[in-house]
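An overview of the molecular structure
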Amino acid sequence: MKKGLVVYTTRTKDTEKIANLVAEGMRFGGMEAKVLNVKDVKNEQDLDGYDAYAFGAPTYHGEMLQAMKTFLFLAEKADLAGKIGGAFGAFGWSGESPDRIFDTMKNIFKMDMVSQSLRLKNAGLGGGVAMAQDYGRDMAKKAG
Ligand SMILES: Cc1cc2nc3c(=O)[nH]c(=O)nc-3n(C[C@H](O)[C@H](O)[C@H](O)COP(=O)(O)O)c2cc1C
């Protein structure tokens, strides 16, 4: 069975909800999926052994939270080239964070990215649950 890892950071838990829904979608798509808060990722070896990775952070003051920036420097040391990738995050109005994460995964880590990042204002509203689950399911489909 293919394995997915979802790593997120959050301030008020909106992005945590999206993380859990993306993992649920991966499971619907036939993958195993694990969800980790960035603070529980201690070193790059914690990223070993997965086929697909979704990283998520909310946008504050036009940027991703610092914990995700620090995590991306750690992830740079893991060999993620060619692995399936996706990026997500909760936002209020501008939502820069998911695209920043997506672009780093694509351009620096050389990952095989899904078509675009996932930005949600509220995972519980306006089809957000289904969108987050579909994102995970699409990642599982791409992982084969
Ligand atoms: C002080 C503050 C600054 C924020 N700055 C932005 C911003 O620049 N752009 C944006 O899209 N949302 C912004 N937001 C909204 C958050 O991204 C939004 O509430 C999000 O759902 C929080 O996700 P979290 O619960 O995972 O922390 C801001 C919220 C606060 C409280």
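With an unreviewed UniProt entry as reference, the chain is termed Flavodoxin/nitric oxide synthase, source organism Desulfatibacillum aliphaticivorans.

On to the pairing of strand β6 (residues 84-90). For β6, the tally of buried residues reaches 7 of 7 residues, placing the bulk of the element in the interior. Burial along β6 is two-sided: the residues Ile 84, Gly 86, Phe 88 and Ala 90 and Gly 85, Ala 87 and Gly 89 are all buried. In this structure, strand β3 (residues 52-56) lies alongside β6, joined through 5 bridges in parallel fashion. Paired with Tyr 53 across the two strands is Gly 85, which belongs to β6. Bridge analysis of β6 against strand β7 (residues 112-113) gives 2 bridges, and the strand direction is parallel.

What follows covers the environment of Phe 109. Along the polypeptide, Phe 109 turns up in the loop between α3 (97-107) and β7. Taking the number of C-beta atoms within 10 Å as the measure of exposure, Phe 109 has 20 and is therefore buried. Along the primary structure Phe 109 and Gly 86 are separated by 23 residues, whereas in three dimensions their C-alpha atoms are 12 Å apart. Discounting chain neighbours no more than four positions away, the residues touching Phe 109 are Ala 75, Glu 76, Leu 80, Ala 81 and Thr 104.

Of note, Gly 29 is situated in the loop between α1 (14-28) and β2 (32-37). For Gly 29, a count of 21 C-beta atoms within 10 Å translates into the label buried. Along the chain, Gly 29 and Gly 144 lie 115 residues apart, while their C-alpha atoms are 9.3 Å from each other. If we skip the residues at most four places from it in the chain, Gly 29 touches Gly 136, Arg 137, Ala 140 and Lys 141.

This brings us to the site of the ligand. Around the ligand there are 17 residues in total, and Asp 14, Thr 15, Pro 58, Ala 90 and Gly 92 lie nearest to it. If you list the elements that add at least two residues to the shell around the ligand, you get α1 and β4 (59-60). Broken down by class, the residue content of the shell around the ligand amounts to 5 nonpolar, 9 polar and 3 charged.

Okay, the nonpolar core next. Counting residues in each nonpolar core, the largest one holds 44 residues, and the members touching the most others are Val 6 and Val 22. Elements supplying a minimum of two residues to this core: β1 (3-8), α1, β3, α2 (66-75), β6, α3, β8 (118-120) and α4 (128-143). In terms of residue count, α1 provides more of this core than any other element does, 6 residues in total. Dropping the residues within four chain positions of it, Val 6 is found in contact with Ala 19, Val 22, Ala 23, Ala 33, Val 35 and Ala 54.

With that out of the way, let us pick up the packing of α1 against α4. Closest axis-to-axis distance for the α1/α4 pair is 6 Å, and the angle between their directions is 50 degrees. Judged by the angle between their axes, α1 and α4 are oblique. Note on packing geometry: the crossing formed by α1 with α4 is right-handed. Across from Ile 18, Leu 21, Val 22, Ala 23, Glu 24, Gly 25, Met 26 and Phe 28 in α1, the residues of α4 making contact are Val 129, Ala 132, Gln 133, Asp 134, Tyr 135, Gly 136, Arg 137, Met 139 and Ala 140. For the contact of α1 with α4, a count of residues per class yields 11 nonpolar, 3 polar and 3 charged.

Turning to its location among the elements, Phe 71 is positioned in helix α2. Here the alpha-carbon distance between Phe 71 and Met 26, two residues 45 residues apart in the chain, equals 22 Å. Non-local contacts of Phe 71, meaning those with residues more than four positions away in its chain, are made with Val 7, Val 38 and Val 41.

Calculation criteria
Residues numbered from 1 in each chain as written. Predicted model: local features only at pLDDT ≥ 70, side-chain atom pairs only at ≥ 80, totals over all residues. Buried ≥ 20, exposed ≤ 12 C-beta atoms within 10 Å, placed from the backbone. Helix = DSSP H or I, 4+ residues; strand = E, 2+ residues; numbered from the N terminus. Pairing = 2+ DSSP bridges. Contact = placed C-beta atoms within 7 Å. Near = placed C-beta within 6 Å. Nonpolar A, V, L, I, M, F, W, Y, C, P; charged D, E, K, R; others polar. Core = buried A, V, L, I, M, F, W, Y, C linked by C-beta atoms within 7 Å. Axes fitted to C-alpha atoms, helices over the stretch in contact; angles between N-to-C directions. Parallel < 35°, antiparallel > 145°, perpendicular 65-115°, else oblique. Left-handed = near helix turned anticlockwise from the far one by under 90°.

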